[in-house]
Amino acid sequence: MRIAITGSTGLVGKALTPALQASGHQIVRLVRCSSITSTSPSGGSLGAEDTAQWQPGSGAVDLAALGDIDAVIHLAGENVASGRWTKARKQRISNSRGPTTQKLCHTLATMAKPPRV
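The present account deals with the structure reproduced in this document. Because the structure is a prediction, the values reported are computed rather than measured.

## Digging into the pairing of strand 2 (residues 26–31)
In terms of burial, strand 2 is largely enclosed, as five of its six residues are buried. The pairing of strand 1 (residues 2–6) with strand 2 spans five bridges and is classified as parallel. For Arg2, the partnering residue across the bridge sits in strand 2 and is Gln26. The handedness of the strand 1 to strand 2 crossover, carried by helix 1 (residues 11–22), is right-handed.

## Some points on the nonpolar core
Membership of the largest hydrophobic core comes to 13 residues, with the highest contact counts inside it found for Leu30, Leu66, Ile69, Leu104 and Leu108. Counting residues per element, the ones that place at least two in this core are strand 2, strand 3 (51–55) and helix 3 (87–109). Once residues lying within four places of it in the same chain are set aside, the contact partners of Leu108 are Leu66, Ile69, Val72, Pro114 and Pro115. In this structure, Ile3, Ile5, Ile27 and Ala71 belong to the second largest nonpolar core, which totals five residues.

## Observations concerning the pairing of strand 3
Across three bridges, strand 2 lies against strand 3 in parallel orientation. Counterpart to Leu30 in the pairing with strand 3 is Ala52. Where strand 3 and strand 4 (residues 60–61) come together, two bridges link them in antiparallel fashion. For Trp54, the partnering residue across the bridge sits in strand 4 and is Val61. Linking two consecutive strands that pair antiparallel, namely strand 3 and strand 4, is a turn of four residues; a positive phi of about 85° is found at Gly59 within it.

Conventions adopted
Residues numbered from 1 in each chain as written. Predicted model: local features only at pLDDT ≥ 70, side-chain atom pairs only at ≥ 80, totals over all residues. Heavy atoms only, no water. Buried < 20%, exposed > 50% of the residue type's maximum accessible area, 1.4 Å probe, protein only. Helix = DSSP H or I, 4+ residues; strand = E, 2+ residues; numbered from the N terminus. Pairing = 2+ DSSP bridges. Right-handed = clockwise from strand over helix to strand, strands pointing away. Core = buried A, V, L, I, M, F, W, Y, C linked by side-chain atoms within 4.5 Å. Contact = heavy atoms within 4.5 Å.

Written out as structure tokens, the structure is:
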């Protein structure tokens, strides 16, 4: 499968990305900034075919760079493992995930061939 992943450099993404690649899946990292590093978190090379620009605030995705994908794994957002879950922190977690998920899903739904999963 060709799988797009947001948050591929986070706690879960660092482990999940190489595991999926080892299983034969092709990974496209959705990245937020225009400066793409030359190596992945797992130490492998990151070529242009491995990344697509993503703007979480608007939900915009570089669909041409994304290409045809079968699935999306959305891991981006406030780190859930870096402290106590106070009321304020829970609100930050919710604010960092809910709206970006909605915007990303809306953008992906407009694709000529949206991902199945």
